[in-house]
Amino acid sequence: MEIGKQEGKSLSPYCLVLPFPLQGHVNPMLQFSKRLNYKGITRITIAITKFFLKNAKDFPAASFSVETISDGFDDGGVEKVSPQEYYNRCWKSGSDTLTELLEKLRSSGSGVDCLIYDPFFPWALDVAKKFGLTAVMFFTQSNSVNNIYFHAYKGELKLPLSEPEIRIPGGLPVMKPGDFPSFIGEYESDPERTEMMLKQFRNVENVDWIFVNTFYELEQELLKDEQFSRSSRRELIMVRAIGPTIPSWYLDKRLPDDKSYGLNAFKPITEPCINWLNKQQNKSVIYVSFGSFAQPGVEQMKELALALKMTKMNFLWVVRASEETKLPKNYIDDVSEKGLIVTWCHQLDVLAHEAIGCFLTHCGWNSTLEALSSGAPMVGLPQWSDQSTNAKFTEDVWKMGVRAQKDENGIVRRDEIIRCVSYVMEGEIGEEIGRSAIKWKKLARDAVDEGGSSDRNIEEFVSALVRF
Ligand code: UDP
């Protein structure tokens, strides 16, 4: 539906999109906004924290405006306080400044109709309801992870985890404690942090829509008839998959794109990566990245560095500037014949390149979806948060890779890394994973293509917004 074009710009509903200020949360919400825009929602504003915007290296497409709120850390310093302190300060400051922003927009004559917010900011729902807005929860984690958190929120998953194998009703496979998100598995050492994570579902009965960045075909066991809202409301709120929120042109190269990435916290090194990849053979390169946040220890970095040096494959490794000191001495020069190390890249451009043979990843949810969508077999080295759960599904359910095993000190050693890379890139198992890769790439593309499962959910949302 092309509302903007058919009914005039002024008739488009006005959506305010509020991501949590981490790259892995900003990217999917920005890409989702592009899809809304493509469907005719012409009035979209991204509300981001002052600190994130001040440090952003590029900006979203001209079709969006950007406004700021404050999480109470406008000059940074989040790393100096406990997660709880951040959370509490953010709750107050975020609520106040979001209220001010909505009042400002209302008094300027462009009242917001709908708030699409990240449940890591649970207070945003209260603000949305105070203004009478349509409230949309947008989960940037997998639906399996949502499901686990939701069961814990309702008290149906007993914490701390005490059984060696845990069954949760509703479509999840049998899980071992190590398969759970760290905020669940490590409940005993920091119960307050777990409670904070579970607040994502606070007042969930008041939301109007629940979106998850996933696709039906990927998590159908969990999406069949799931609703998170078990309230007295007559109308239950279904959880809808709207992903993967990857620009269509990466998946099928048919649709044009504005090529803007938008709101990158890091400056991507693009041309040198692509030029280097262009010189490599098809499916020969290991792409290595731990996303925007994970900080593997020095020992782990050393094992990884040595494994990459020892494999017969060439590699492209993203080592963020803040992590570079963990590399062995003279490493970049030592491996220059076979490896390129950059501080950040355009990951989608890299994953879509035909030279990529496998993705050694921390299994952040976006990276996992991006790998599935571009058909890149994965070797998972999960670090924390939801990454272990994503790694488990990658290996056991989607058959798209393998999870590297840690030793008794919690380190994945070089031999194990080399074994895993060969496992996904070579032999019969490599071929099997290659077939899964082709399957998921197609299913991911179909889901967001015109009439696909995610596309229909977005279409329905847009129609409802317009009717409203
Ligand atoms: N990313 C990127 N360039 C890089 C590394 C990562 O553009 O060099 C992007 C990646 O495409 C993904 C996001 O950063 O969209 C990372 O999100 P993810 O959920 O995988 O991990 P997080 O950073 O949240 O741990």
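All values reported here derive from a predicted model rather than from experimental measurement.

As a further point, take the sheet that holds strand β9 (residues 314-318). Spatially, 6 strands are ordered β10-β9-β8-β11-β12-β13 in an open sheet, and the strand pairing comes out parallel. The two strands at the open ends of the sheet, each matched to only one other strand, are β10 (339-342) and β13 (401-403). Direction aside, neighbouring strands of the sheet carry axes that sit 15° apart on average. One ladder, built from 4 bridges, connects β9 with β10; its direction is parallel. Opposite Phe315, over in β10, you have Gly339 as the bridge partner.

This part is about the pairing of strand β4 (residues 114-117). Going residue by residue along β4, you find Cys114 and Ile116 tucked away on one face and Leu115 and Tyr117 tucked away on the opposite face as well. Where strand β1 (residues 14-18) meets β4, 4 bridges bridge the pair, whose relative direction is parallel. Residue Leu18 lies in a different strand from β4, and its bridge partner there is Tyr117. Following the backbone out of β4, through helix α5 (residues 123-130) and into the adjacent parallel strand β5 (residues 134-139), one traces a crossover that is right-handed.

Below, the discussion takes up the packing of helix α4 (residues 83-107) against α5. Running from N to C, α4 and α5 point in directions that differ by 30°, and their axes come no closer than 9 Å. One way to sum up the angle between α4 and α5 is to call them roughly parallel. By crossing handedness, the relation of α4 to α5 is classed as right-handed. Note on element contacts: α5 touches α4 through Trp123, Ala124, Asp126 and Val127, opposite Trp91, Gly94, Ser95, Leu98, Thr99 and Leu102. Classifying every residue of the contact of α4 with α5 by side-chain character gives 6 nonpolar, 3 polar and 1 charged.

With that settled, the discussion passes to the domain arrangement of the protein chain. For the protein chain, the assigned domains are domain 1 (14-260 + 448-467) and domain 2 (271-445). Computed from C-alpha atoms alone, the centre-to-centre distance between domain 1 and domain 2 is 27 Å. Contact residues are listed per partner, giving 29 residues for domain 1 and 25 residues for domain 2. Counting only elements with at least two residues in the side of domain 1 that touches domain 2, the list comes to α2 (23-38), α6 (143-153), α7 (182-185) and α10 (248-252). For the side of domain 1 that touches domain 2, the per-class residue count stands at 14 nonpolar, 11 polar and 4 charged.

Before going further, it helps to examine the sheet that holds β5. Sheets are built from strands paired through backbone hydrogen bonds, the pairs being either parallel or antiparallel. Sheet architecture is open: 7 strands sit in the order β3-β2-β1-β4-β5-β6-β7, paired in parallel fashion. What marks the edges here is a single partner per strand, and that holds for β3 (64-69) and β7 (239-241). Across the sheet, the mean angle from the axis of one strand to that of its neighbour is 25°, orientation sign disregarded. Bridge analysis of β1 against strand β2 (residues 43-49) gives 4 bridges, and the strand direction is parallel. Within β2, the position partnered with Leu16 by the bridge is Thr45. Packing of α5 onto the sheet brings it into contact with β1, β4 and β5, and relative to β4 it is tilted by some 180°.

Here we take up the nonpolar core. Most often, soluble globular proteins keep nonpolar side chains buried together rather than apart. Residues Leu115, Tyr117, Ala124, Val136, Cys358 and Val379 are the most contacted members of the largest nonpolar core, which totals 127 residues. Shared between two domains, this core holds at least three residues of each, these being domain 1 (14-260 + 448-467) and domain 2 (271-445). Those residues in contact with Val136 that sit more than four places away from it in its chain are Cys114, Leu115, Ile116, Val207, Asp208, Trp209 and Phe211.

Time to look at the site of the ligand. Around the ligand, 20 residues are found, and the nearest of them are Gly24, Gly291, Gln347, Gly364 and Ser367. Of all elements in the fold, only α2, α14 (347-351) and α15 (365-374) reach the threshold of two or more residues within the shell around the ligand. Per-element tally for the shell around the ligand: the top contributor is α15, with 4 residues. When grouped by side-chain class, the residues that make up the shell around the ligand number 8 nonpolar, 11 polar and 1 charged. Here the shell around the ligand gathers at least three residues from each of two domains, domain 1 (14-260 + 448-467) and domain 2 (271-445).

Let's shift gears to the pairing of strand β6 (residues 209-212). Neither face of β6 is exposed, since Trp209 and Phe211 on one face and Ile210 and Val212 on the opposite face are all buried. Pairing of β5 with β6 involves 4 bridges; the strand directions are parallel. Across the sheet, residue Met137 finds its bridge partner in β6, namely Ile210.

Take Thr394: it is sitting in helix α16 (residues 387-397). Accessibility expressed as a C-beta count within 10 Å gives 25 for Thr394, which makes it buried. Sequence-wise, Thr394 and Asp455 are 61 residues apart; in three dimensions their C-alpha atoms are separated by 24 Å. Excluding residues within four positions of it along the chain, Thr394 makes contact with Cys363, Thr368, Met378, Gly380, Met400 and Gly401.

The next thing to look at is unusual backbone geometry. A cis geometry characterises the amide bond from Leu159 onward to Pro160, with omega recorded as 0°. Here Pro160 shows up in the loop between α6 and α7. Looking along the chain, the bond that leaves Gly243 and enters Pro244 is cis, with omega of 0°. Here Pro244 lies in the loop between β7 and α10. Of note in the backbone geometry, Lys283 takes a positive phi value of approximately 50° without being a glycine. Since 17 C-beta atoms lie within 10 Å of it, Lys283 is described here as partly exposed.

Okay, α4 next. Because an α-helix completes one turn every 3.6 residues, residues spaced three or four positions apart along the sequence face the same direction. With 25 residues, α4 extends 35 Å from end C-alpha to end C-alpha; this agrees with the ideal 36 Å at 1.5 Å per step. Along α4, the largest kink reaches about 25° and is centred on Cys90. Turning to α4, the residues buried within the fold contact β2, β3, α5 and α8 (191-198). In the stretch just after α4, Gly109 is the one whose phi turns positive, near 95°.

Rules of the game
Residues numbered from 1 in each chain as written. Predicted model: local features only at pLDDT ≥ 70, side-chain atom pairs only at ≥ 80, totals over all residues. Pairing = 2+ DSSP bridges. Helix = DSSP H or I, 4+ residues; strand = E, 2+ residues; numbered from the N terminus. Axes fitted to C-alpha atoms, helices over the stretch in contact; angles between N-to-C directions. Buried ≥ 20, exposed ≤ 12 C-beta atoms within 10 Å, placed from the backbone. Right-handed = clockwise from strand over helix to strand, strands pointing away. Parallel < 35°, antiparallel > 145°, perpendicular 65-115°, else oblique. Left-handed = near helix turned anticlockwise from the far one by under 90°. Contact = placed C-beta atoms within 7 Å. Nonpolar A, V, L, I, M, F, W, Y, C, P; charged D, E, K, R; others polar. Domains from an automatic or database assignment. Core = buried A, V, L, I, M, F, W, Y, C linked by C-beta atoms within 7 Å. Near = placed C-beta within 6 Å. Expected span 1.5 Å × (residues − 1). Bend = angle between axes of the 7 residues up to and from the residue.

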